[in-house]
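Structural characterization, general
One-letter residues, chain by chain:
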Number of protein chains: 4
Amino acid sequence: MQDKLHEECGVFGIYDNGDDLDVVTSTYLALYALQHRGQESCGIAVNDDGVIRGYKDLGLVTDVFKPQVLESLGTGKMAVGHCLYGTAESNRRENAQPMTIRHVKGQMAIASNGSILNALELREKLELQGAIFHSTSAAELLAHMITRERLTAHSIEEAICQAMDKLYGVYSMIVMSPKKLIGVRDPLGLRPLSIGQCGNSYVLASETTALDSMGAHFVRDVRPGEIVIIDENGLRSIDKHCGKKSHLCVFEFVYFARPDSVIEGTSVHMARQKMGAFLAQEHPVEADLVMGVPDSGNDAALGYANESGIPYGIGLIKNKYIGRTFILNTQRQRENAVRIKLNAIAEVVRGKRIVLVDDSIVRGTTSARIVRLLREAGVKEVHMRISSPPFRYPCYFGTDIDSPERLIANKMTVEEIGQKIGVDSLGFLSLENIVKVAEKSDCAFCTGCFSGEYPLCVDDAGRVSKFDLKFSEQID
Amino acid sequence: MQDKLHEECGVFGIYDNGDDLDVVTSTYLALYALQHRGQESCGIAVNDDGVIRGYKDLGLVTDVFKPQVLESLGTGKMAVGHCLYGTAESNRRENAQPMTIRHVKGQMAIASNGSILNALELREKLELQGAIFHSTSAAELLAHMITRERLTAHSIEEAICQAMDKLYGVYSMIVMSPKKLIGVRDPLGLRPLSIGQCGNSYVLASETTALDSMGAHFVRDVRPGEIVIIDENGLRSIDKHCGKKSHLCVFEFVYFARPDSVIEGTSVHMARQKMGAFLAQEHPVEADLVMGVPDSGNDAALGYANESGIPYGIGLIKNKYIGRTFILNTQRQRENAVRIKLNAIAEVVRGKRIVLVDDSIVRGTTSARIVRLLREAGVKEVHMRISSPPFRYPCYFGTDIDSPERLIANKMTVEEIGQKIGVDSLGFLSLENIVKVAEKSDCAFCTGCFSGEYPLCVDDAGRVSKFDLKFSEQID
Amino acid sequence: MQDKLHEECGVFGIYDNGDDLDVVTSTYLALYALQHRGQESCGIAVNDDGVIRGYKDLGLVTDVFKPQVLESLGTGKMAVGHCLYGTAESNRRENAQPMTIRHVKGQMAIASNGSILNALELREKLELQGAIFHSTSAAELLAHMITRERLTAHSIEEAICQAMDKLYGVYSMIVMSPKKLIGVRDPLGLRPLSIGQCGNSYVLASETTALDSMGAHFVRDVRPGEIVIIDENGLRSIDKHCGKKSHLCVFEFVYFARPDSVIEGTSVHMARQKMGAFLAQEHPVEADLVMGVPDSGNDAALGYANESGIPYGIGLIKNKYIGRTFILNTQRQRENAVRIKLNAIAEVVRGKRIVLVDDSIVRGTTSARIVRLLREAGVKEVHMRISSPPFRYPCYFGTDIDSPERLIANKMTVEEIGQKIGVDSLGFLSLENIVKVAEKSDCAFCTGCFSGEYPLCVDDAGRVSKFDLKFSEQID
Amino acid sequence: MQDKLHEECGVFGIYDNGDDLDVVTSTYLALYALQHRGQESCGIAVNDDGVIRGYKDLGLVTDVFKPQVLESLGTGKMAVGHCLYGTAESNRRENAQPMTIRHVKGQMAIASNGSILNALELREKLELQGAIFHSTSAAELLAHMITRERLTAHSIEEAICQAMDKLYGVYSMIVMSPKKLIGVRDPLGLRPLSIGQCGNSYVLASETTALDSMGAHFVRDVRPGEIVIIDENGLRSIDKHCGKKSHLCVFEFVYFARPDSVIEGTSVHMARQKMGAFLAQEHPVEADLVMGVPDSGNDAALGYANESGIPYGIGLIKNKYIGRTFILNTQRQRENAVRIKLNAIAEVVRGKRIVLVDDSIVRGTTSARIVRLLREAGVKEVHMRISSPPFRYPCYFGTDIDSPERLIANKMTVEEIGQKIGVDSLGFLSLENIVKVAEKSDCAFCTGCFSGEYPLCVDDAGRVSKFDLKFSEQID
């Protein structure tokens with residue numbers, strides 16, 4: 001029913017360095033704060049003096065981690081957490097993370113997101129050496145890669161560093177060894193990963209909102225390609241894979257991240273407001289009210305309103321009890337599906353010319369339903385403004401749109417889309433402007449889904465064409 | 001943890017008059033839309049040709065009504081639904097509604113909210129005649145009262161009408177007999193109840209948002225004291241208890257109702273915007289930004305911003321995954337409790353003079369935490385504005401604040417409260433203005449919680465002092 | 001799938017008189033020991049200084065009463081427990097017992113079994129006075145009856161005594177008032193109820209095995225018509241309804257009761273052995289081995305073996321993991337249904353002439369399947385012996401065979417039954433002998449299901465024909 | 001609480017060769033029949049045209065495989081099932097079987113029992129080559145071993161055969177590849193594995209009772225060391241590891257196996273009867289009654305009775321509702337623990353001299369409680385007879401007694417044990433006779449737990465002392 005691009009996963013790690021932090025509860029709270037990055041399964045692994053205990057299951061954080069489950073995890077000095085978005089076929093218990101495995105040097109827990117483009121090749125290579133796989137999770141592949149390197153490497157971080165030589169793709173990863181907590185961001189830094197501090201202790205999280213949830217303060221982002229090692233001596237890093245400019249997924253700013261997070265130095269909320277302001281400049285219109293499709297359109301709507309001088313309004317209300325199971329038996333109810341989650345305030349919109357701001361259009365079905373809802377509530381004109389460019393190309397880097405089939409913008413012009421969803425006018429933010437939303441940041445962006453130009457070599461199936469392609473050979 | 005006044009319950013009923021409406025799914029969707037009125041337990045009773053089947057349990061609507069449970073309810077022509085807020089001691093399965101009972105004329109299901117002030121007396125009277133009670137629910141008392149009257153009355157509606165002669169209190173009630181669906185609002189109309197239509201079929205709901213959820217259009221509110229009878233002949237009413245002006249609970253506008261609902265002809269959202277506007281007039285201040293405590297403070301914040309000309313902003317983000325179980329082991333985490341649900345956007349508030357709008361202050365603990373959150377995010381000044389008068393007196397009419405103990409405004413002056421919660425200034429909406437927020441409505445308001453003047457006679461324990469007090473003798 | 005007569009319910013009550021007995025755990029253990037009397041739902045109500053808390057649900061005792069549920073019941077001085085067998089339509093949560101209600105004199109919990117023959121009339125009478133019913137349970141009717149009498153009676157026991165004047169039927173009942181625990185057996189004593197003691201404390205239980213489970217010793221049976229009152233002063237009784245000889249349900253000895261129970265002074269196991277011995281005298285046969293259909297046929301088989309001199313053997317094994325859900329998709333599997341629960345030991349039966357002893361034949365389908373199982377295992381001859389007379393007439397006294405439809409013996413002669421189930425010979429115990437199995441007991445038996453002669457007046461629908469029939473007018 | 005030796009696991013596999021067998025339901029029924037071999041976790045993997053889907057979890061078969069779970073498994077041509085007994089620390093979801101993994105040649109599911117004595121060495125070797133482990137299950141180790149060999153072997157069966165060269169231990173194993181179902185028994189055949197047939201289809205099962213449960217007929221046992229390959233061409237085998245005589249675990253006959261199973265040509269029930277007969281010869285006594293401790297002592301008791309001429313009786317009743325959670329708060333209840341499961345029939349045992357037959361004594365605590373139970377019931381003399389020799393030495397081959405600590409017979413003489421448990425006399429079956437109970441079988445026995453002489457080289461920790469010990473070098 002949901003007509004959105006989905007992020008795959010949030011990661012979190014904590015190393016308590018004498019601050020008595022209750023790492024299990026902290027991880028639980030952090031995952032709750034990162035829940036928007038993955039609602040299908042979740043897990044926590046805790047390191048109790050080298051022994052790693054874990055629990056994971058399908059479901060939301062608050063459903064999986066009931067009090068007695070949290071209690072059964074005991075305590076420890078380190079913990080890793082993960083929440084996962086997965087497609088229907090991958091939503092099986094064995095794909096839940098963190099992966100907790102045992103190898104020759106002891107136990108290891110690993111949580112990751114993103115997409116390894118040469119996964120099939122790597123997997124085949126490993127299988128040809130006798131490796132077995134219990135899941136289809138990239139985290140399991142990473143566990144294999146690191147373990148192999150660990151045999152010859154002097155340390156877990158060196159093993160990770162060596163494994164990265166062979167990985168081609170997009171990933172943020174947290175590895176917990178018996179004595180260390182290690183965070184890694186891929187050489188292009190496509191997915192975010194931030195470092196927080198709480199006393200002498202460090203935490204790693206996909207988004208800064210997770211740091212806030214446990215009262216840690218933000219230190220900095222992990223740099224593209226950086227390996228951050230946290231242990232009793234504090235934090236240090238390996239820079240061998242650093243050097244490339246960050247190519248952050250621009251959709252983190254558009255939709256994925258929580259507005260209260262800060263990525264690459266830029267507030268997500270402020271970036272969205274700026275998108276709205278650019279939209280107002282690019283696609284001005286005479287109207288009575290600007291409003292967002294809640295919740296993700298509200299920030300940009302405010303930016304549009306401020307820039308255009310048209311009043312900001314609240315005209316759509318979202319049901320705040322997010323339920324996952326709805327039975328829609330009759331055709332009528334299926335058509336009314338959007339009503340379950342959204343309702344218009346007729347008194348606000350009746351007779352008005354409305355600028356309706358949303359973050360993106362994927363299939364367009366939900367947009368059409370919202371417009372109909374507003375029409376039924378008596379709106380006079382609907383001018384839809386989208387705070388990102390038309391979504392025309394698949395994303396191969398860890399989201400669920402890996403083919404152009406379901407993308408309305410791949411098949412229709414902006415005008416045709418506008419007609420299809422029934423608006424009086426439709427405007428998308430330009431590619432030119434969207435990359436300007438984070439001026440303070442020194443990062444570039446991956447805009448592959450808008451432009452078809454990807455920062456990594458990729459074929460139509462989302463894989464690298466040559467076997468065991470190296471980063472060094474490919475980028476720039 | 002929650003520092004809010006709680007509504008007790010939402011009710012819903014549907015009579016399918018040949019429109020093939022799928023009454024069970026409609027009731028399910030309606031309860032989902034009314035979930036904010038009660039999260040402790042819920043239930044649905046369906047009438048299949050005179051045989052009433054029901055299911056109810058503790059939990060949220062989407063938790064209790066899993067697909068197989070919904071299926072087990074089968075189909076029918078009528079259904080009644082209920083969601084309940086209850087105090088810790090009353091949250092037992094047997095208190096869940098609708099109450100489904102059998103009496104001499106067949107089965108009856110009853111769902112109600114509010115508070116019967118002479119309940120103890122009525123109960124004692126019934127018990128002295130041999131009645132037994134399975135629960136402490138008012139709905140069971142109502143079932144007894146109506147059943148007794150039914151013995152001599154010619155119809156169920158007449159029985160209800162006679163029972164109302166003996167009831168002294170505040171209630172909205174839906175009764176489903178083998179052949180009729182009946183809605184009742186108490187003679188003062190303190191709790192809302194609206195009528196919707198869908199083809200030839202009628203629905204009754206605590207709020208109009210439930211009508212929207214199933215695609216029914218709003219017809220009108222049930223009038224104070226009115227008994228609305230819906231059967232195969234359509235809708236008719238008994239006016240015997242009508243005549244008094246509505247004394248709607250003003251807190252429905254302040255906080256209880258969903259902003260997309262319309263009560264007594266006034267949009268809840270618009271009323272809240274107006275509260276904000278009045279606040280701006282009453283308590284102006286020089287500031288850089290107006291923002292609401294989400295979600296309930298947003299509407300009034302927008303009104304304040306528009307009236308004052310100070311820009312509206314989004315500076316606090318609420319976690320949208322409402323979980324019910326949090327384990328807060330350490331003192332630090334208890335102090336950070338508010339962070340789990342709310343987070344400040346530092347980039348928005350840093351160095352700013354903020355007008356922070358919230359709907360009410362009950363104990364003040366949450367307000368203090370939010371202010372601290374903002375201070376930590378670097379706010380310069382916090383000017384708190386509350387879109388209702390100081391909450392000084394208990395409410396005896398179906399909410400959970402039945403004693404003044406926990407009310408900060410009962411013990412402190414406005415200035416003291418401001419100091420306690422740490423703001424630079426604090427302003428409450430005046431009693432004079434709050435009753436003007438629904439100008440289109442021809443209704444009066446119960447403002448007992450602000451003024452201590454209640455529209456019904458009540459002693460300190462929330463009961464009527466004289467045995468079997470009649471409405472006619474008491475009001476005006 | 002089960003081809004057995006089912007008992008409706010087991011009851012238990014405990015009054016701790018200073019022996020520090022942990023009444024909740026004792027009740028839990030007792031219900032576990034009585035589980036065979038009812039597997040559909042169960043419940044425990046505990047009396048903590050006049051306040052009665054209860055929990056009940058559908059399911060087995062060990063499923064319903066998980067540790068945290070038991071803990072939530074707290075402690076007290078008294079407790080009542082119940083396990084219920086019910087038909088598909090009556091298996092709803094609201095019919096689970098004990099019923100805990102509140103009336104003018106405080107709370108009361110009631111647990112009962114059996115059948116009130118004039119229930120409909122009593123219920124109608126009550127309804128005509130305004131009573132409402134939440135369930136179809138006889139216990140709720142009893143609660144109403146007792147409560148009405150309580151209004152004029154001087155004590156709860158007097159109220160029960162007066163209520164018994166109006167009850168016509170078969171019942172064992174335990175009532176817990178704020179200060180007393182009261183046990184009642186109907187004037188004919190059709191259902192068993194025993195008294196146990198543990199220090200100064202008393203317990204009441206449907207069967208003595210429940211006394212054993214908690215280490216109480218057996219005192220005596222409650223006499224037919226006796227009201228036993230247990231309070232801080234010990235145990236006393238009201239004899240007003242006593243006087244008639246017990247007419248115990250003979251099926252308690254045949255199948256219902258556990259073999260380790262003692263009823264009316266006779267060991268159930270010994271009675272069953274005697275049935276087997278009588279069978280051997282009535283229906284001798286030349287054979288190599290005697291074996292029972294486990295578990296219920298084993299005792300009689302042993303008796304037959306001892307009497308006949310033919311060796312006793314174990315030739316059928318029962319799966320001891322009683323599961324309730326089996327999916328039998330294919331016809332083949334449905335035919336093999338009996339294999340899931342039973343398996344033959346080919347090495348024991350191959351080439352042998354077997355005397356196969358079972359307690360009763362209801363529909364005959366299971367018997368036929370067992371015989372086929374034995375034939376497939378290579379048995380030479382099967383001589384079936386049933387330790388009760390042909391089951392020809394319905395039982396109206398609290399079991400689930402209330403119509404002759406499903407009774408094979410109602411439609412066929414013994415010879416025809418034998419052919420139908422495929423045995424070489426078939427013999428039933430005579431009515432003459434079955435009533436001799438408890439010689440030590442001074443009780444008569446209800447043998448209505450075998451003879452069609454019932455100790456109470458009853459029409460074909462299992463009700464009394466005259467309104468409000470009195471025991472005194474009817475029996476003898 | 002349970003004072004028994006525990007078997008580790010039952011295995012089952014089915015290959016439907018055109019007989020339309022519903023392999024999922026058949027596996028479900030088979031696991032239900034094998035439930036006594038492992039109650040901690042269970043699982044089913046089904047092969048749908050090369051794609052293997054599985055489900056497994058902690059719990060009993062009927063709890064884990066609810067209808068919707070069974071349905072979600074879909075259908076296929078092959079399936080493998082497993083039920084597991086595990087110690088507290090190993091009872092984690094990831095140790096449940098079958099293990100379903102993917103390797104270079106496709107998917108594989110593996111279910112096994114027993115114990116690999118050189119597991120640590122093998123694991124270390126694998127880890128030194130970079131292998132990672134998700135569990136502590138032997139099945140995962142086997143999966144690794146087979147996968148490694150598969151890289152060079154021409155077929156899965158050849159890979160298994162090669163892997164067996166490196167395995168030193170005791171195991172029965174079922175492997176399901178995309179196209180084949182393969183059964184393996186270790187070279188000493190310590191654990192049983194039987195072959196059944198149903199039309200053209202074959203099944204493999206730990207015990208023949210599982211064949212009976214689905215209507216398959218017994219073909220033969222898998223021979224020690226044999227690899228049985230089942231595919232569309234029927235059944236064939238690899239004999240390379242055959243040649244040694246079977247050294248069946250004698251405890252399969254004593255206690256583990258269901259009495260209706262046939263192992264190595266001998267009926268378990270008949271073997272137990274014979275044990276009883278030998279006991280009567282070795283330890284005769286004057287007594288009035290012979291009875292077994294139900295259920296496992298009944299068969300031998302019958303054998304004792306027949307041999308001695310003393311009548312067989314039923315004097316102890318076992319509660320048939322096996323619950324897993326009991327809360328025993330008070331000391332008194334802990335002492336009465338045995339009462340929850342067992343009860344004596346006083347009328348049977350009072351004043352009698354009893355021969356009480358049980359299968360084994362591990363710690364002796366339960367035996368002592370049963371004797372006390374009988375004494376309280378008035379028994380005159382208790383002569384305990386145990387149908388196996390004193391259990392003096394640990395078992396390293398897949399049970400839960402891997403140290404002598406908890407073995408009463410390791411620390412006390414027979415006389416001392418008798419005094420400890422309070423019997424008038426105590427007799428154990430001799431080692432000489434126990435190995436004669438399966439005369440028809442051509443197999444030898446492992447009697448290590450009685451004699452301390454094990455058929456495999458093993459140190460005190462239950463491991464082989466030399467690295468990578470070969471079977472060929474060690475046995476005989």
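Residues numbered from 1 in each chain as written. Chains lettered and ligands numbered in written order. Predicted model: local features only at pLDDT ≥ 70, side-chain atom pairs only at ≥ 80, totals over all residues. Heavy atoms only, no water.

So, about the relation of the copies chain C and chain D. You can overlay chain C on chain D at an RMSD of 0.0 Å; the transform is a turn of 180 degrees with a shift of 0.0 Å along its axis. With respect to symmetry, the two chain copies, as superposed, fit the operation of a two-fold axis. Closest approach to the rotation axis among the C-alpha atoms of chain C is made by K320(C), whose C-alpha sits 3.4 Å away. Same-surface contact between copies: 100% of interface residues of chain C are shared with the interface of chain D. (Least-squares fit on C-alpha atoms with pLDDT ≥ 70 in both. Contact = heavy atoms within 4.5 Å.)

This paragraph deals with the state of the cysteines. Taken as a whole and assessed by the stated rule, the structure comprises zero disulfides over all chains. For C9(C), which is in no disulfide, the shortest distance to another cysteine sulfur is to C83(C) and amounts to 7.2 Å. The thiol of C457(D) is unpaired, and the distance to the nearest cysteine sulfur, on C446(D), comes to 13 Å. (Disulfide = S-S within 2.5 Å.)

Before going further, it helps to spend a moment on the relation of the copies chain B and chain A. In screw terms, the move from chain B to chain A is a rotation of 180 degrees and a rise of 0.0 Å along the axis, fitting with an RMSD of 0.0 Å. In this assembly, 100% of the residues forming the interface of chain B have copies in chain A that are likewise at the interface, indicating an isologous arrangement.

All names here are of chain C. Only one face of strand β5 (residues 99-103) is covered, namely the face carrying M99, I101 and H103; the face carrying T100 and R102 is uncovered. With five bridges connecting them, β5 and strand β6 (residues 106-116) associate as antiparallel partners. Paired with H103 across the two strands is G106, which belongs to β6. (Buried < 20%, exposed > 50% of the residue type's maximum accessible area, 1.4 Å probe, protein only. Helix = DSSP H or I, 4+ residues; strand = E, 2+ residues; numbered from the N terminus. Pairing = 2+ DSSP bridges.)

The description of an aromatic ring pair rests on the distance of the ring centres and on the angle between the ring planes. Evaluation of the coordinates by the stated rule reveals 38 aromatic pairs over all chains. Relative to Y312(B), the ring of Y312(A) has its centre 5.2 Å away and its plane inclined at 25 degrees; by these criteria the two rings are stacked. Taken as a pair, Y312(A) in the loop between α10 (298-308) and β18 (316-318) and Y312(B) in the loop between α10 (298-308) and β18 (316-318) lie in two separate chains rather than in one. Considering the side-chain rings of F251(D) and F391(D), the 5.7 Å spacing of their centres and the 50 degrees angle between planes classify their relative orientation as tilted. With F251(D) in helix α8 (residues 251-256) and F391(D) in the loop between β21 (381-386) and α15 (408-411), this residue pair connects regions lying 140 residues apart in the sequence. Judged by relative accessible area, F251(D) falls into the buried class, the value being 1%. With relative accessibility at 1%, the residue F391(D) sits in the buried group. Three or more aromatic residues joined by ring pairs form one cluster here, namely F251(A), Y255(A), F256(A), F391(A) and F450(A). (Phe/Tyr/Trp six-rings, centres within 6.5 Å; stacked < 30°, edge-to-face > 60°.)

Now for helix α5 (residues 138-150) of chain B. Residue and element names in this part refer to chain B. Taking 1.5 Å as the rise per residue, α5 with 13 residues should run 18 Å; its terminal C-alpha atoms sit 18 Å apart, in good agreement. The buried fraction of α5 amounts to 12 of the 13 residues, a majority that puts the element mostly inside the structure. Sitting at the head of α5, S137 places a side-chain oxygen 3.0 Å from the backbone nitrogen of A139. (Expected span 1.5 Å × (residues − 1). Polar contact = N/O pair within 3.5 Å; in protein donor to acceptor, adjacent residues only side chain to side chain.)

The subject of this paragraph is the interface of chain C and chain D. Taken together, the contacts link 59 residues of chain C with 59 residues of chain D. Around 5,200 Å² of area is buried between chain C and chain D when both sides are counted, 60% of it from carbon and sulfur atoms. Our enumeration of links across chain C and chain D arrives at zero salt bridges. Connecting chain C to chain D are 10 residue pairs in polar contact (both at pLDDT 80 or more). Broken down by element, the side of chain C that touches chain D gets its largest block of residues, six residues, from helix α1 (residues 23-33) of chain C. (Buried area = accessible area lost by both parts, 1.4 Å probe. Salt bridge = Lys/Arg side-chain N within 4 Å of Asp/Glu carboxyl O.)

Our focus in this paragraph is the pattern of salt bridges. Residues and elements named next belong to chain A. Applying the stated criterion to the full structure yields 91 salt bridges over all chains. R37 is the salt-bridge partner of E252, the closest N and O atoms lying 2.8 Å from each other. Taken together, the residues span a long stretch of sequence, with E252 in helix α8 (residues 251-256) and R37 in the loop between α1 (23-33) and β2 (41-48) at a distance of 215 residues. Assessed through its relative accessible area of 0%, E252 is described here as buried. Among the ionic pairs, E157 bridges to K180, the shortest N-O distance being 2.9 Å. Highlighted residues: E157 in helix α6 (residues 156-166) and K180 in the loop between β7 (169-176) and β8 (181-185), separated in sequence by 23 residues. Of the two residues, E157 and K180, both sit in the buried class. Overlapping salt bridges bring together R37, R191, E207 and E252 as one network.

Turning to the pairing of strand β2 (residues 41-48) of chain C, a few remarks are in order. All names here are of chain C. Counting buried positions along β2 yields seven of eight residues, so the element is predominantly enclosed. Where β2 meets strand β3 (residues 51-58), eight bridges bridge the pair, whose relative direction is antiparallel. Bridge pairing in β3 places D48 opposite V51. Bridging between β2 and strand β4 (residues 78-84) involves seven bridges; their strand directions are antiparallel. Along β4, the bridge assignment pairs N47 with M78.

Once that is clear, we can look at the interface of chain B and chain A. Listed as interface residues are 59 residues of chain B and, on the opposing side, 59 residues of chain A. Carbon and sulfur atoms make up 60% of the surface buried where chain B meets chain A, a total of about 5,200 Å² over both sides. The interface formed by chain B and chain A contains zero salt bridges. Broken down by element, the residue count for the side of chain B that touches chain A peaks at six residues, all from helix α1 (residues 23-33) of chain B. Of the residues in the side of chain B that touches chain A, the class split is 25 nonpolar, 21 polar and 13 charged. (Nonpolar A, V, L, I, M, F, W, Y, C, P; charged D, E, K, R; others polar.)

Turning our eyes to something else, we now look at the sheet that holds strand β21 (residues 381-386) of chain B. Sheets are built from strands paired through backbone hydrogen bonds, the pairs being either parallel or antiparallel. All names here are of chain B. Taken in spatial order, the four strands of this open sheet run β17-β20-β21-β22, and their pairing is parallel. At either margin of the open sheet sits one strand with a lone partner, and together these are β17 (289-292) and β22 (425-428). Taken pair by pair, the neighbouring strands of this sheet meet at an average axis angle of 20 degrees, ignoring direction. Across four bridges, the pairing between β21 and β22 is parallel. From the neighbouring strand, H383 faces β22, where its bridge partner is S425. (Axes fitted to C-alpha atoms, helices over the stretch in contact; angles between N-to-C directions.)

For the rest of this paragraph, the subject is the packing of helix α9 (residues 268-282) of chain D against helix α10 (residues 298-308) of chain D. Residues and elements named next belong to chain D. The interhelical angle for the contact between α9 and α10, taken along N-to-C directions, is 45 degrees, at an axis separation of 6 Å. Accordingly, the angle class assigned to the pair α9 and α10 is oblique. Crossing angle aside, the handedness with which α9 passes α10 is right-handed. Where α9 approaches α10, its residues H269, R272, Q273, G276, A277, L279, A280 and Q281 are matched on the opposing element by D299, A300, L302, G303, Y304, N306, E307 and S308. Grouping the amino acids of the contact of α9 with α10 by side-chain chemistry returns six nonpolar, seven polar and three charged. (Parallel < 35°, antiparallel > 145°, perpendicular 65-115°, else oblique. Left-handed = near helix turned anticlockwise from the far one by under 90°.)

To continue, consider the environment of C83(A). Residue and element names in this part refer to chain A. Looking at the secondary structure, you find C83 in strand β4 (residues 78-84). The class of C83 is buried, set by a relative accessible area of 0%. With near-sequence residues (within four places) excluded, C83 lies in contact with C9, G10, L31, L34, Q35, G38, S41 and C42.

Among the nonpolar cores identified, the biggest contains 165 residues, and F251(A), L356(A) and L356(B) are the most heavily contacted of them. Non-local contacts of L356(B), meaning those with residues more than four positions away in its chain, are made with M291(B), G292(B), V293(B), L316(B), I370(B), L374(B), V382(B), H383(B), M384(B) and R385(B). One finds L373(C), F256(D), V268(D) and L407(D) within the second-largest nonpolar core, a separate group that totals 164 residues. (Core = buried A, V, L, I, M, F, W, Y, C linked by side-chain atoms within 4.5 Å.)

It is worth spelling out the sheet that holds β21(D) at this point. Residues and elements named next belong to chain D. Taken in spatial order, the four strands make up an open sheet running β17-β20-β21-β22, and their pairing is parallel. Looking at strand neighbours, the two that pair on one side only are β17 (289-292) and β22 (425-428), the edges of this open sheet. With strand direction ignored, the average angle separating the axes of adjacent strands in the sheet is 20 degrees. Against the sheet, α9 contacts β20 (353-358), β21 and β22, and its axis sits at roughly 125 degrees relative to β22. Here helix α16 (residues 414-421) sits on the sheet in contact with β21 and β22, set at roughly 130 degrees to β22.

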